[in-house]
Amino acid sequence: MITHSNSLLIVRGDDMNKKIFLYLALMAFSLYSIPNTVALFAGQHSSYSGLGVPCDKCHSDVFSQLQAGASYQKHRAAAANSNYTTYLALGGKAYSGSSITDYNNTIWNWNSSSRAWQNQNTNELKNVSLDTSVNSGICMLCHNATLTGSTAHTGIVVRVCDDDRCHGNRINASNSPGLLGSTSNITAAGYNLSQPNVHQSFYLGASNQSSGYATGLSFGQVPGNANGSSGFISRGHWTCEGCHTGAAVNVTIIQAPVYNHSDPNAAKSRY
C-alpha cells in the first residue's frame, strides 16, 4: 500500500513538473513571438526609436485620419527636413538659409563640411533628423519633447498648429517661411487670424478657452498659445483644424422657441 501510494506521489510530481515546464515554454514562446507587445510595456513613449515600435502600432486609427487630411504631405515633408527639425530643436527665432538664431539669440551657422549647424560661440555641431522611414517620423514632428525644449519625463508632448515655431499665434509670429521653401505656407497664420478679419472672433474665442493639453515650458518660456495662467494650451488650434482637416464633429441644434400667436403677451423674438 505504501509503495503504491509513493508511486502515485511520484507520478503526480512528474505531472506537475511537466505542467510547469510547459507553462514556462509557452511564456518563452510568447515573448519571442510578440516582441512589439513586450516593447509596449517597456515604455516605447520614452524611446520609440530605440525599441523600434512605430506610433501607428498603437494609434493606427489616428494615423489613418492623419493620412486622410489635406495637410499630411506638407507635414511629412517638414518632418523629413533636417533644417526645420534642427531649427525646432534649437528653439529657433529666425532662419536665413545659412544661419539659425536660437531662442537665446545665439547664431548657428551652416558648416558644409560637417553637414551640420555650428554654434558660433562653442563650435558645437547639431543636426537633428527624424526617422521618416517609419510612420513615426511625422508623429514625432508634433510629439517629440526634444523638439520643443521640454523635459517631459515621457519624452512625448503635444504641439499644436499655433505653436510659436509652427504657424504662430496672436503673441508670437513664425517668421521663417524659407525653412521649407516658398510653397510651404509656414507663415504667421495665427497672428494673421488674430487681426480684424472674418476669422478673428473664431480664433480669439477659441484662444480664450483651455484645452486639456499641458503647456510645459518651451525652452524655458511659456508658449504664446497658452491659455493665460491655466497651465494648458488654448483651443486656438481648432481654427486651423476646422478648415484644414477632415475632423468630424457631432452637433446638436436646438430649435429656438417660436412666437406664440395665441398669447398677446408672449415675448417677441426673431424666428
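The text that follows walks through the structure, step by step, so that each part is easy to find. (Residues numbered from 1 in each chain as written. Predicted model: local features only at pLDDT ≥ 70, side-chain atom pairs only at ≥ 80, totals over all residues. Heavy atoms only, no water.)

### A closer look at the pattern of salt bridges
Between side chains of opposite charge, pairing is possible as soon as their charged atoms come close.
So, step 1. Tallied over the entire structure, the rule returns one salt bridge.
So, step 2. For the salt bridge of Asp-163 with Arg-159, the shortest nitrogen-to-oxygen distance reads 3.2 Å. In this structure, Asp-163 and Arg-159 share a single accessibility class: buried. (Salt bridge = Lys/Arg side-chain N within 4 Å of Asp/Glu carboxyl O. Buried < 20%, exposed > 50% of the residue type's maximum accessible area, 1.4 Å probe, protein only.)

### Some words on the side chain of Asp-162
So, step 1. As for its placement among the helices and strands, Asp-162 is situated in the loop between α7 (136–143) and α8 (189–193).
So, step 2. In this structure, Asp-162 is buried with no salt-bridge partner, the nearest side chain bearing the opposite charge being Arg-170 at 7.6 Å.
So, step 3. Polar contacts involving the side chain of Asp-162 include one to the side chain of Tyr-203, which spans 2.9 Å.
So, step 4. What Asp-162 contacts, discounting residues up to four positions off in sequence, is Gly-168, Asn-169, Tyr-203, Asn-225, Ser-234, Gly-236 and His-237. (Helix = DSSP H or I, 4+ residues; strand = E, 2+ residues; numbered from the N terminus. Lys, Arg positive; Asp, Glu negative; His and termini not counted. Polar contact = N/O pair within 3.5 Å; in protein donor to acceptor, adjacent residues only side chain to side chain. Contact = heavy atoms within 4.5 Å.)

### Describing the layout of surface pockets
So, step 1. In this structure, the second largest pocket spans a volume of roughly 250 Å³.
So, step 2. Lining the second largest pocket are 16 residues; nearest its centre among them are Val-157, Val-158, Ala-214, Thr-215 and Gly-216.
So, step 3. Looking at the lining of the second largest pocket residue by residue, the classes come out as eight nonpolar, six polar and two charged. (1 Å grid on protein atoms, 1.4 Å probe; cavity = no way out; pocket = protein on both sides within 12 Å on 5 of 7 lines; lining within 4 Å. Points joined across faces, edges and corners; volume = space filled by probe spheres on them. Nonpolar A, V, L, I, M, F, W, Y, C, P; charged D, E, K, R; others polar.)

### As for the packing of helix α5 (residues 72–79) against α7
So, step 1. It is the contact of α5 with α7, at a shortest axis distance of 9 Å, that shows an interaxial angle of 80°. Comparing their axes, α7 and α5 come out roughly perpendicular. Of the residues in α7, those in contact with Tyr-72, His-75, Arg-76, Ala-78 and Ala-79 of α5 are Gly-137, Ile-138 and Leu-141.
So, step 2. Residues that form the contact of α5 with α7 fall into these classes: five nonpolar, two polar and one charged. (Axes fitted to C-alpha atoms, helices over the stretch in contact; angles between N-to-C directions. Parallel < 35°, antiparallel > 145°, perpendicular 65-115°, else oblique.)

### Describing the packing of aromatic side chains
So, step 1. Applying the stated criterion across every chain yields a total of five aromatic pairs.
So, step 2. A ring pair is formed by Phe-63 and Tyr-72, whose centres lie 6.2 Å apart and whose planes are at 85°; its orientation type is edge-to-face.
So, step 3. Assessed through its relative accessible area of 6%, Phe-63 is described here as buried.
So, step 4. Every member of this aromatic cluster is reached through a ring pair, and the members are Tyr-95, Trp-110 and Trp-117. (Phe/Tyr/Trp six-rings, centres within 6.5 Å; stacked < 30°, edge-to-face > 60°.)

### Digging into the nonpolar core
So, step 1. In this structure, Tyr-84, Tyr-87, Leu-88, Ile-100, Leu-130, Leu-141 and Leu-147 are the most contacted members of the largest nonpolar core, which totals 22 residues.
So, step 2. Where this core is concerned, the elements lending two or more residues are α5, α6 (82–89) and α7.
So, step 3. Setting aside its immediate chain neighbours within four residues, Leu-88 contacts Leu-141, Leu-147, Arg-159, Arg-165 and Phe-219. (Core = buried A, V, L, I, M, F, W, Y, C linked by side-chain atoms within 4.5 Å.)

By themselves, these figures tell us nothing about what the structure is for.
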